[in-house]
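# Close look at the chain arrangement
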Amino acid sequence: MEKFIVHGGSQLEGTVNISGSKNASLPILAATLLTREQCIIRRVPDVSDTNYMLQILQNLGAEVERSSGNVTIKCEKLRSHEAPYELVRKMRASVCVMGPLLARQNRANVSLPGGCVIGDRPIDLHLRGLKGLGAEVTVDGGNVHLEARYGLNGQEIDMLGKHGATVLGTDNVMMAAVLAKGTTVITGAACEPEVVDLANFLNSMGAKISGAGTPRLEIEGVKELGGVDHTVIPDRIEAGTFLVAGAMAAKESITVRRVNHEHLEAVTDVLSACGCKIEPSGDTIKIYRAKNPVGANIITDPYPGFPTDMQAQMCALFATTPGHSVVKDTIFPQRFMHASEMKRMGANIDVDDGTAQIQGVEQLSGAPVMASDLRASAALVLAAMKAKGSTEISRVYHIDRGYEHIDDKLIDLGANIERLPA
Ligand code: EPU
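Along every chain, residues carry numbers that run from 1 in the direction the sequence is written. Note on the predicted model: pLDDT of at least 70 is required for a residue's local features to be given, and 80 or more for side-chain atom pairs to be given and counted; whole-chain, interface and lining totals, by contrast, use all residues. Calculation of side-chain values draws on the structure's entire complement of heavy atoms; hydrogens and water are dropped beforehand.

### Considering helix α8 (residues 236-249)
For α8, spanning 14 residues, the distance from its first C-alpha to its last is 20 Å, which sits close to the expected 20 Å at 1.5 Å a residue. Among the 14 residues in α8, 14 count as buried, and that is most of the element. By the criterion applied in these results, polar contacts are pairs of N or O atoms within 3.5 Å in which, for protein atoms, one can donate a hydrogen and the other can accept it, and in which residues neighboring in sequence qualify only through two side-chain atoms. Only DSSP runs of H or I covering at least 4 residues are called helices, and only runs of E covering at least 2 are called strands; the numbering of each starts at the N terminus. Backbone nitrogen of Ile237 and a side-chain oxygen of the N-cap are separated by 3.0 Å at the start of α8; the cap is Asp235. One less than the residue count of a helix, multiplied by 1.5 Å, gives the span that helix is expected to have. Summary of the burial criterion: residues with accessible area below 20% of their type's maximum are buried, those above 50% are exposed, and those between are partly exposed, where the area comes from a 1.4 Å probe applied to protein chains only.

### Structural notes on the sheet that holds strand β20 (residues 348-352)
Any two strands between which DSSP finds at least two bridges are classified as paired. Taken in spatial order, the four strands of this open sheet run β18-β19-β21-β20, and their pairing is mixed. Edge positions in the sheet fall to β18 (297-299) and β20, since each of these pairs with one other strand and no more. Going from strand to strand, the sheet's axes swing by 10 degrees on average, the running direction of each strand aside. As defined by bridge partners, β18 adjoins strand β19 (residues 324-328) across three bridges and the pair is classed as parallel. By the bridge assignment, Ile299 is partnered in β19 with Lys328. Angles run from 0 to 180 degrees between N-to-C directions of axes, and those axes are lines fitted to C-alpha atoms, restricted for helices to the stretch in contact.

### Let's talk about the domain arrangement of the chain
The domains assigned to the chain are domain 1 (2-19 + 234-421) and domain 2 (22-231). Marked domain ranges trace back to an automatic or database domain assignment. Computed over C-alpha atoms, the centres of domain 1 and domain 2 are 30 Å apart. The junction of domain 1 with domain 2 conceals about 1,900 Å² of combined surface from both sides, 51% of it contributed by carbon and sulfur atoms. Computed with a 1.4 Å rolling probe, the buried area is the accessible surface lost when two parts are put together, summed over both parts. Of all residues in domain 1, the largest losses of buried area upon contact with domain 2 belong to Tyr303, Phe332 and Arg401, amounting jointly to 28% of the total for that side. The rule for a salt bridge is simple: a side-chain nitrogen of Lys or Arg has to be within 4 Å of a carboxyl oxygen of Asp or Glu. One can count two salt bridges joining domain 1 with domain 2. With a shortest N-O distance of 2.9 Å, Asp49 and Arg401 are connected by a salt bridge. Mapped by element, the contributors of at least two residues to the side of domain 1 that touches domain 2 are α12 (374-386) and α13 (397-400). Charged means Asp, Glu, Lys or Arg here, nonpolar means Ala, Val, Leu, Ile, Met, Phe, Trp, Tyr, Cys or Pro, and polar covers whatever is left, Gly included. Among the residues making up the side of domain 1 that touches domain 2, the classes are represented as ten nonpolar, six polar and ten charged.

### Concerning the nonpolar core
Grouping buried Ala, Val, Leu, Ile, Met, Phe, Trp, Tyr and Cys residues that are joined through side-chain atoms within 4.5 Å yields what is termed a nonpolar core. Formed by 76 residues in total, the largest nonpolar core has its most connected members in Leu34, Ile73, Leu146 and Leu202. Throughout, a residue-residue contact means that at least one pair of heavy atoms, one from each residue, lies within 4.5 Å. Filtering out sequence-adjacent residues up to four positions away, Leu34 remains in contact with Pro100, Ala103, Arg104, Met175, Val178, Leu179, Leu202, Met205 and Leu225. Core analysis: the second largest hydrophobic core is formed by 72 residues, Ile18, Ile285, Ala383 and Ile393 among them.

### Concerning the side chain of Asp329
Within the secondary structure, Asp329 is located in the loop between β19 and α11 (337-344). Of the side chains with opposite charge, Arg335 lies nearest to the buried Asp329, which makes no salt bridge, at 4.9 Å. Within the local environment of Asp329, its side chain forms a polar contact with the side chain of Thr300, the two groups lying 2.9 Å apart. Polar side-chain contacts of Asp329 include one of 2.9 Å to the backbone nitrogen of Phe332. Only four residue types enter the charge count, namely Lys and Arg as positive and Asp and Glu as negative; His and the chain termini do not.

Quick look at the structure:
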């Protein structure tokens, strides 16, 4: 295990290159199970979650090669239809092998991922969708068994749950439907850019999906899919995290490069409202720290709303922004583990019923804190850069799950961070 020691007070300047999206890469890697042919996927971030997914694919029989962001995968023959608990428990997104396994082999056996620190994370909607396509579903001993002895059939399927659309659920059903007989219509589909990237990947393999990016997907089943060479979209959450770093700690401005600014509008709109100047141009966004920063009220929502994956980082920003701010997470109301750690650093945050009331303080102070999940850890790094003194952040393996070399990238911008054995 490793820890970070963040020495606060640095002023950031310069440009940071954003990596390919973790959350787009994971289902795309799983989708390579749908073909016997070779797939090349470029800009896959080198983070532990993508490494777990590659281990799962290798376990299922795929040949995998990885070099500098490019991954080559060939699943000519699958030797198993099982994703075991030892692998699934490490990463919830492993459930997205269910759809491709079912489509390719008519059966899948995948461990239930269980909850996690950001809240209860059921997969009832994934299962409802796959059942709709004709799979028999049984849950036994913590495992989900799916079987479609006579293949899958296109259907009209509503994916909307009580918290809105499901991203990986939409991905799973879309990946199963591409090889089903007939046409599938998914209503209440997630519209996130990562879902669109997966649909583009599948269409390049020969699938017939229309409507990606809207709540209604139409998928005409095809007999087989072929190999593809695909570049993953930029990671909008990594980019958003660096924009918040700029808002909190830029000497004057920083630039994030290799981003798609349309995907970041919900975040840049809030940062502008907080007084930052935002300059998008081509594949870059330059952010100037606010001269007179003000807080804001945020409610998370599915895309194009404000992403839940950016709520912790905004709490870090508001912790030292004068005035009162409110952050409500409607998607994962329990996702506030960062708040109690930030309180240890002197933040004035009160969380109740999925809502954080934040009164900005003049100065945070360094303290030993613990990373609890991916985005909470990123928020602690941001808070620590702004704090007086040094902050020791333990369990940084959480941050390495989804941010490619975040410490090196921040150090290049001028931050003072040490990575040490715990
Ligand atoms: N939900 C259900 N039933 C289901 C599935 C989801 O009730 O069967 C609920 C969830 O409990 C939640 C809401 O629906 O309240 C949305 O969850 P969703 O299924 O969309 O989440 P996910 O697909 O499991 C992805 C990202 C998360 C991100 C969420 C929401 C990946 C690998 N993960 O998860 O990313 O927070 O969408 O945008 O794409 C992260 O990167 O830090 C992260 C947690």
